[in-house]
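A structural walkthrough
Each chain, written out:
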Amino acid sequence: IYLESNGLEGETDPHAWLDIQNGIIYAKNIRDGLIKEDPKNKDYYQTNADEYITKLEKLHAETIAALSKIPEGKRFLITSEGAFKYFSKAYNLQSGYIWEINSEGQGTPSQIKNVVDLINAKKVPVLFVETSVDPRSMETVSRETGAPIVGTVFTDSLGKPGEEGDTYYKMMEWNTKTIIDALNK
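Calculation rules
- Residues numbered from 1 in each chain as written.
- Predicted model: local features only at pLDDT ≥ 70, side-chain atom pairs only at ≥ 80, totals over all residues.
- Heavy atoms only, no water.
- 1 Å grid on protein atoms, 1.4 Å probe; cavity = no way out; pocket = protein on both sides within 12 Å on 5 of 7 lines; lining within 4 Å.
- Points joined across faces, edges and corners; volume = space filled by probe spheres on them.
- Nonpolar A, V, L, I, M, F, W, Y, C, P; charged D, E, K, R; others polar.
- Buried < 20%, exposed > 50% of the residue type's maximum accessible area, 1.4 Å probe, protein only.
- Core = buried A, V, L, I, M, F, W, Y, C linked by side-chain atoms within 4.5 Å.
- Helix = DSSP H or I, 4+ residues; strand = E, 2+ residues; numbered from the N terminus.
- Salt bridge = Lys/Arg side-chain N within 4 Å of Asp/Glu carboxyl O.
- Polar contact = N/O pair within 3.5 Å; in protein donor to acceptor, adjacent residues only side chain to side chain.
- Pairing = 2+ DSSP bridges.
- Right-handed = clockwise from strand over helix to strand, strands pointing away.
- Phe/Tyr/Trp six-rings, centres within 6.5 Å; stacked < 30°, edge-to-face > 60°.
- Lys NZ or Arg CZ within 6 Å of the ring centre and 35° of its normal.

Moving on to the layout of surface pockets. Taken as a whole, the largest pocket holds about 190 Å³ of empty space. Here the residues of the lining of the largest pocket sort into eight nonpolar, two polar and one charged.

The backbone phi angle of Asn92 is positive, close to 55°, even though this residue is not glycine. Here Asn92 falls in the exposed class, since its relative accessible area comes to 53%.

What follows concerns the nonpolar core. In a soluble, globular protein the nonpolar side chains are often hidden away together inside. Judged by nonpolar contacts, the single largest core of 28 residues is most densely connected at Leu67, Phe87 and Ile179. Counting only elements with at least two residues in this core, the list comes to helix 1 (20-37), helix 2 (42-68) and helix 6 (168-183). Residue contributions to this core peak at eight residues, all from helix 6. One finds Trp99, Ile119, Met138 and Ala147 within the second-largest nonpolar core, a separate group that totals 15 residues.

The full count for this structure, using the stated rule, is eight salt bridges. Of the charged contacts, one joins Lys85 and Asp13 as a salt bridge, the two residues approaching to 3.5 Å between their closest N and O atoms. One end of the pair, Lys85, is in helix 3 (residues 85-90); the other, Asp13, is in the segment before helix 1, and 72 residues separate them in sequence. Like Asp13, Lys85 is buried. Lys177 serves as the salt-bridge partner of Asp181, at 2.6 Å between the closest nitrogen and oxygen. Linking Asp181 with Lys177, this pair stays in helix 6, spanning four residues, or about one helical turn. Put simply, Asp13, Lys85 and Glu100 are held in one network by salt bridges that share partners.

Along the chain, Asp38 falls in the loop between helix 1 and helix 2. Distance in space between the C-alpha atoms of Asp38 and Pro14 is 29 Å, their sequence separation being 24 residues. Only 2.7 Å separates the side chain of Asp38 from the side chain of Asn41, close enough to count as a polar contact.

In this section: the pairing of strand 4 (residues 149-153). The pairing of strand 3 (residues 127-130) with strand 4 spans four bridges and is parallel. Counterpart to Phe128 in the pairing with strand 4 is Gly151. As for the winding sense of the linkage, the β-α-β connection from strand 3 through helix 5 (residues 136-145) to strand 4 is right-handed.

Let's shift gears to the packing of aromatic side chains. Here the distance between the centres and the angle between the planes together describe a pair of aromatic rings. The final tally for this structure, using the stated rule, is four aromatic pairs. When the ring of Phe154 is compared with that of Trp174, the centres are 6.3 Å apart and the planes differ by 70°; the resulting orientation is edge-to-face. With Phe154 in the loop between strand 4 and helix 6 and Trp174 in helix 6, the pair connects residues that are 20 residues apart, well separated along the chain. Here a set of aromatic residues connected by ring pairs shows up, and it is made of Phe84, Phe87 and Tyr91. Against the face of Tyr169 rests Lys55, its NZ or CZ located 4.2 Å from the ring centre.

Printed below as a string of structure tokens:
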């Protein structure tokens, strides 16, 4: 998926890992790379990869099933950064954001106005904020629209070791549960 912001057109959006199907591809590639470098332990890498990929496939299927039950008009994901394009495409959600990628100016008046207009036009009921960004811009959007911030999601970083979202799987499990629970309200 390509970026759309002025001056960034044609650059690839780097947030592909937020589609669990891409996480499965990454796991297969890692497995294959480890086997290539250490063929003596092929069975070990294969077994671990199979177990991990099965978990990811199950989470992907559960996410599709749960989100498909939410009325289409409520399937809208608004975040600070536009990181959830891959997730939204994979799970049939509409998405919106304040800024597209963290290298841009973040939370400019025009960015906030654009997302406020989108939220009001689409009657978006809830908002999300990422763990890796300053929440003040989204708090402004919430005040301007009346839509509450109902969840915190992971995008550009994992949780701290021992806390929620501290692995790729736990991050995606947290994100999907947070999004599904909020959109179901």
